[in-house]
Structure formats: structure tokens, C-alpha cells
Amino acid sequence: MSRFWSQIVHDLTPYVPGEQPRLADLVKLNTNECPVGPSPLVLQAIRDATTDALRLYPDPTATALRQAIAACHQVRPEQVFVGNGSDEVLAHVFVALFRHEAPLLFPDITYSFYPVWCRLHGIGFETVPLDADMRIRIEAYARPAGAIILANPNAPTGIALSRAEIAALLDAHPDQPVVIDEAYVDFGAETAIPLVASHPNLLVVHTLSKSRALAGLRVAYAIGDAALIEALTRVKDSFNSYPLDRLAQQGAIAALSDEAWFRQTRSLVMENRAYLRQGLERLGFAVLPSCANFVFARHPMEEGARLAAALRERAVLVRHFASPRIADYLRISIGTRAQMDRLLSALSEILGRA
Ligand code: PMP
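All values reported here derive from a predicted model rather than from experimental measurement.

In this section: the overall build of the protein chain. Looking only at helices and strands, the protein chain has 11 helices and 12 strands in total. A total of 354 residues make up the protein chain; the buried ones form 46% of that total. Considering only contacts within the protein chain whose residues lie at least 6 apart along the sequence, 73% involve residues at least 24 apart.

It is worth spelling out the site of the ligand at this point. By nearness alone, every residue bordering the ligand is listed as G85, S86, D87, Y111, A151, A155, D181, A183, T207, S209, A215 and A220. Of all the elements, helix α4 (residues 85–97) adds the most residues to the shell around the ligand, at three residues. Residues that form the shell around the ligand fall into these classes: six nonpolar, four polar and two charged.

As recorded in UniProt, the feature "domain: Aminotransferase class I/classII large" (unreviewed entry) lies at residues 25–347. Secondary structure content for residues 25–347 is 38% helix and 15% strand, and the end C-alpha separation is 17 Å.

The next thing to look at is the domain arrangement of the protein chain. Per the domain assignment, the segments making up the protein chain are domain 1 (3–37 + 260–350) and domain 2 (40–258). Between the C-alpha centres of domain 1 and domain 2 the distance comes to 23 Å. With 30 residues of domain 1 at the interface, the matching set in domain 2 holds 24 residues. Among the elements that line the side of domain 1 that touches domain 2, the one with the most residues is helix α9 (residues 259–282), at seven residues.

The next thing to look at is the packing of α9 against helix α11 (residues 337–350). A pair of packed helices can be characterised by two numbers: the angle between their axes and the separation between those axes. Two elements in contact, α9 and α11, have axes whose closest approach is 10 Å; the angle formed by their N-to-C orientations is 15°. Looking at the two axes, α9 sits roughly parallel to α11. Our pair here, α9 against α11, has a crossing hand that is right-handed. Two secondary-structure elements touch here, α9 through N272, Y275, L276 and G279 and α11 through R337, M340 and L344. Looking at the contact of α9 with α11, its residues break down into four nonpolar, two polar and one charged.

What follows concerns the pairing of strand β4 (residues 125–128). Relative to β4, strand β3 (residues 104–107) runs parallel, the two sharing four bridges. Each residue of the ladder has a partner; that of L105, found in β4, is E126. In this fold, β3 hands off to helix α5 (residues 113–121), which returns the chain to β4; that crossover is right-handed.

Annotation from UniProt places "modified residue: N6-(pyridoxal phosphate)lysine" (unreviewed entry) at K210. Here K210 is to be found in the loop between β7 (202–207) and β8 (220–224). Owing to 27 C-beta atoms within 10 Å, K210 belongs among the buried residues under this scheme.

A word on the environment of Y242. Examined against the element boundaries, Y242 turns out to sit in the loop between α7 (226–239) and α8 (246–257). Separated by 97 residues in sequence, Y242 and Q339 place their C-alpha atoms 38 Å apart. For Y242, the contacting residues outside a window of four places in its chain are Y57, P58 and P60.

With antiparallel pairing, the three strands of this open sheet are ordered in space as β9-β10-β12. Across the chains shown, the open sheet's two edge strands, defined by having one partner strand only, are β9 (286–287) and β12 (329–333). In this structure, strand β10 (residues 294–298) lies alongside β12, joined through five bridges in antiparallel fashion. Each bridged residue has a counterpart across the sheet, and for F294 the counterpart in β12 is S333.

What counts and what doesn't
Residues numbered from 1 in each chain as written. Predicted model: local features only at pLDDT ≥ 70, side-chain atom pairs only at ≥ 80, totals over all residues. Helix = DSSP H or I, 4+ residues; strand = E, 2+ residues; numbered from the N terminus. Buried ≥ 20, exposed ≤ 12 C-beta atoms within 10 Å, placed from the backbone. Contact = placed C-beta atoms within 7 Å. Near = placed C-beta within 6 Å. Nonpolar A, V, L, I, M, F, W, Y, C, P; charged D, E, K, R; others polar. UniProt positions renumbered as here; feature names shortened; annotations may be inferred. Domains from an automatic or database assignment. Axes fitted to C-alpha atoms, helices over the stretch in contact; angles between N-to-C directions. Parallel < 35°, antiparallel > 145°, perpendicular 65-115°, else oblique. Left-handed = near helix turned anticlockwise from the far one by under 90°. Pairing = 2+ DSSP bridges. Right-handed = clockwise from strand over helix to strand, strands pointing away.

Spelled out as C-alpha cells, the structure:
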């Protein structure tokens, strides 16, 4: 390869998602999927939408879905943008809202998609260190910024900021877009959506991948001032005017209609999180306080990489990150009670407690 081409490939260092192996009987706790299936109403809606009408293009504006989302969050449909998962919504956000002279700010430890997307689009960024307790400190963002993006709860720590802290951040940066990626908000954190009415610079991103168990359907949305939504729509229309296929639009509407299923799933995940946390602490782990569907935990005597590899040998997959400050941690998705038991007994065997 010529130097020119190898430089281009080098500049496009991709985001590396968690692996999706094909082994049966694997305890898969590495990509924060929901441990139970989606609402039966979703499956029915997708079956109902599977007709000859698939020969027709879907609604490019996803109007019915945007109305359903707007009703859920008490905003107007013009304040809702939809896309194929939050990764796609965020991809549009980076292009539409983050091209400034001043840098985009985000934490040094956060969703690894953000720096990848900055490099891809030549967006200048600065990372802001988490404090000694792995928390985001809002005061540390009092510096020149073109825009700010935070995951709340943060990933992979699981620690959440309060709505009051987000409001303080918005007030300190009234003229910059502030994007809050709330992929995990339903598992115990406060959403910033009520702040949209008073803060035209706020955009909040939600996904149906986690708390609605629809990672495979690829549906997410952003809520903000109509002007921000219009900016995202212009980028989308220049790229692909059909954001969601017919099945995804119908399935998502059904998912949002099943409050009972949603509440039950959320409680299950939160109960199993408390159970996992206790089990890990009994084995000597330090577990960060999580508001997400995963925990971030470290054993004081063991290397994270060794633990992750030993778990893998026992058909239990968790996520390990090589970057130095978090190399001793494991990020473990919340699974069923049986999966949590398999993980805990594998760990106790590895730690010589069995
Ligand atoms: N934001 C954060 C913080 C995430 O961890 C993830 C999931 N890996 C996403 C966004 C993307 O989720 P999805 O594209 O499935 O909506």
C-alpha cells in the first residue's frame, strides 16, 4: 500500500464494539443487552407489518413513531428526531452540531465512540478527566468549549449525574450545544428531557436497545429544541432520507405502548444489579455505584485482563478495556439471575474460593 493510502486507513481507526460470538451456552455479559426479550406487542406489530406493503418505501419522516415518542415525553413531534440506534443518531449529531472553532468536550473515560467519530470528521476535541472517584465533575467543564457531550449515566462507569448538575452545566454554556446521551437512563438515573423546554441548547438521546430490549431492531431518538432537530434532519436527508424501515417503525411504536412490560423489565434489571453487586462484593470486588444495566468492578488483587480471559475460558463473556486507568476493571452487563449465578461461581472458582 502506498504511504498515501495507508495514512488514510490509519486516520480511519474504527470504533471497536464488543464481540458478538456465535457459541451456544455462552453467558454473554459484554454488550449491555437486555436479559429478557422485548414486549410481545412488539413481536405482534412486526408480524402485522410483514405484508406486501414491504414493497413500498417507509414513511421518511416516521411521523407516527415521532408522535408516539413525543407523547411519551410530553414534547412536540417537531422536537423528535429518530435514527437506527443511538450510534446513528449520534453520527448525525457530530456532523450537524459539533463543527466549531473551540473543541468538543467530553470525559476522558466515556463511550469510546465519541473520539472515533471526532477523528473521522476532523472535529477538534478535549477530554476532561474524571475525578478520583471516577465521577464527572461539572465544574471541570468551565473552560472554552464549542460543544459538550456526556453519557449519563456514564459508560463504562455507570455513575449518573443528577438533573440539577446537568442544568448547571447548561446554564454555564448557554450558547453551545450540550448533548446528553441517555442510553442507560431508565435503570435508575434522572432524565434531562424536562430541561429541554427551558434550554434550547440541550439535546437528549435515548435508545430502545437497552430498557426496551430492542438492540436488534436499531431504534433510537433525540429530543431537543425544534431548531436542533431541524439541523439533524437536514444532515439525515442529505445522507439517507429513510431512517427506519417499516418493521422498525411499527415495532418501536408497540414497544413504547407497553408500559407494564417496561416497568417489569426495569425492575428485574435493577434487582439483579443489586444481587450481582452483593455477590461481587462478597468476592472482594470494589463495585462503582451503577445507575445502568451493567456494573463496573475491580478486584484489588487481580488483573482485569486475567479475570476476563479466565471467565472467557469458562464461557462467560464480560467487557475489559485496555486503557491504563480502567485496565483493572471489568464491565459486566446485568443478566438473568441464572446468568449472574454462573458469573459469580466462575469468578469464585478463578479466585480460588470454590
Ligand atoms: N451510547 C452509549 C453510552 C452506549 O453505551 C451505547 C451502546 N453501546 C450506545 C450509545 C449505542 O446504542 P445503540 O446504537 O444500540 O442505540
